Amino acid sequence: MRKALLCFLLAVALPALSQTVDIGVFTLFKPVELRVSPAFTPILITTNATSKILEGRQSFTVRVAQRTAPVRVTSRDGAAADFHLSIPGKIDRQFHGILTIRPRGHKLEAVVSIDREIAVASVVAAEMTPNAPLEALKAQAVAARSYYAAAGRRHDTFDFCDTTHCQFLRAWPNPASPAFRAAQETRGITLEYAGKPLAALYSASCGGQTRALADTADGYPYYSVPCDFCRRHAPGIVRGHQLGLCQNGAAGMAAAGADFQAILDHYFPGTSLAQNRLNAIFLLPVPPPLRHSKD
Ligand SMILES: [Zn+2]
Ligand SMILES: [Zn+2]
């Protein structure tokens, strides 16, 4: 029934969903030095009026003391690039997107403009264990996409950060990973309430019953629903805010044969699924190099 509805929705005019999101990365580190290097193919570094190509093991270091103008990192032709970004001695992550580094007060701010579907896959990879059943990963993917679609710009100079303040994400996952498949198989699908995308909340473990919350920014009243898996395997053990999707419960439902639509129905009563039109055809990337949609 639900599947038939989705097919029908696909055939009629669909609302468009923004194709990229601007994610502030390494926000907890307050970096004063950042290093960027190519992941596979050469990358283009542009600062003020000058630009240079980095290839192989070459890297480019940005220090807060030296910088006044932003640094932009793209592929050779100005599109999304595969690159490593690191805080020397602390952290190194690989991203795919367009990177802007700018000084902000006494630290550097790094913002990756990333394909929304890659961001969704990254959230799934960071939030769920890869061996969780696929339908649970798909439910998480729809929740993450809905959040990005509904929550608007949550920071002054970028849309979302990479911590649980917004949605937790690390590097973009391997395109062969279950997280990527979950994003791909739910591409463009969001959870809606009263005709608008819902900034769907989720947490790790509800302890047996999720929590109700009437006053939310998007008007959705979260319901208190029973969670079989937590009742049986982790009664009373709560991790997170207990609102919306219970990640452990979702994995339990999926293991018992539920699909992602049934899981979302259970944890978000009164919502529906919408298939959004995408502005460009998103191609499943194969590493390396990553094939990327162009607007
Ligand atoms: Zn945030
Ligand atoms: Zn639960």
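Everything quoted here is computed from the prediction, not taken from an experiment. (Residues numbered from 1 in each chain as written. Chains lettered and ligands numbered in written order. Predicted model: local features only at pLDDT ≥ 70, side-chain atom pairs only at ≥ 80, totals over all residues. Heavy atoms only, no water.)

**Student:** If you had to explain the coordination of the zinc ion (ligand 1) to someone new, which residues and values would you point to?
**Tutor:** Coordination sphere of the zinc ion (ligand 1), protein contribution only: His 155 (NE2), Cys 161 (SG), His 165 (ND1) and Cys 166 (SG), at 1.9 to 2.3 Å. Around the zinc ion (ligand 1), the four donor atoms sit at angles spanning 104 to 118 degrees, and that spread fits a shape best called tetrahedral. All donors to the zinc ion (ligand 1) come from one chain, and their sequence spacing reads H-x5-C-x3-H-C. The two residues Cys 161 and Cys 166 agree in class, both being buried. (Donors = N, O, S within 2.8 Å, 3.2 Å for Na, K, Ca; no water. Tetrahedral: all angles 85-135°; square planar, octahedral: opposite > 155°, others 65-115°. Buried < 20%, exposed > 50% of the residue type's maximum accessible area, 1.4 Å probe, protein only.)

**Student:** Before we move on, could you go through the coordination of the zinc ion (ligand 2) and cite the residues and values that matter?
**Tutor:** Geometry reference: four tetrahedral donors at a metal, ideal angle 109.5 degrees. Six octahedral donors, ideal angles 90 or 180 degrees. Of the protein atoms, only Cys 206 (SG), Cys 227 (SG), Cys 230 (SG) and Cys 246 (SG) coordinate the zinc ion (ligand 2), at distances of 2.3 Å. The coordination sphere of the zinc ion (ligand 2) comprises four donor atoms, whose angles at the metal cover 102 to 116 degrees; the geometry is tetrahedral. For the zinc ion (ligand 2), the donor residues sit on a single chain with the sequence spacing C-x20-C-x2-C-x15-C. The same class applies to Cys 227 as to Cys 230, namely buried.

**Student:** Tell me what's going on with helix H7 (residues 260-267), and back it up with residues and numbers.
**Tutor:** Here H7 has its buried residues at Phe 260, Gln 261, Ile 263, Leu 264 and Tyr 267. Seen end-on, H7 carries its buried residues on one side only, within an arc spanning 160 degrees. (Helix = DSSP H or I, 4+ residues; strand = E, 2+ residues; numbered from the N terminus. Arc of directions from axis to C-beta.)

**Student:** Please set out the pattern of salt bridges residue by residue, giving values where relevant.
**Tutor:** Enumeration according to the criterion identifies twelve salt bridges in this entry. Across the salt bridge formed by Arg 116 and Glu 117, the nearest N and O atoms sit 2.5 Å from each other. Exposure class is identical for Arg 116 and Glu 117. Each is buried. Note that Arg 145 is salt-bridged to Glu 117, the shortest N-O span being 2.8 Å. Note that Arg 145 is positioned in helix H3 (residues 134-150) and Glu 117 in helix H2 (residues 116-127), a separation of 28 residues in sequence. Considered together, Arg 145 and Glu 117 belong to a single accessibility category, that of buried residues. Each of Arg 102, Arg 104, Glu 109 and Asp 156 takes part in salt bridges that share partners, so that together they form one network. (Salt bridge = Lys/Arg side-chain N within 4 Å of Asp/Glu carboxyl O.)

**Student:** I'd like a description of the packing of aromatic side chains, backed by residues and values.
**Tutor:** Given two aromatic rings, one states the distance between the centres and the angle between the planes to describe the pair. Evaluated as defined, the whole model comprises eleven aromatic pairs. Summarising the aromatic geometry, the rings of Tyr 193 and Tyr 220 are spaced 5.0 Å apart at their centres and angled 70 degrees between planes, so their arrangement reads as edge-to-face. Placement of the pair is Tyr 193 in strand S12 (residues 189-193) and Tyr 220 in the loop between strand S14 (202-203) and helix H5 (228-233), with a sequence separation of 27 residues. For Tyr 193, a relative accessible area of 25% corresponds to the partly exposed category. Residue classification places Tyr 220 among the buried positions, given a relative accessible area of 0%. Through successive ring pairs, a cluster of aromatic residues spans Tyr 193, Tyr 220, Tyr 222, Tyr 223 and Phe 268. (Phe/Tyr/Trp six-rings, centres within 6.5 Å; stacked < 30°, edge-to-face > 60°.)

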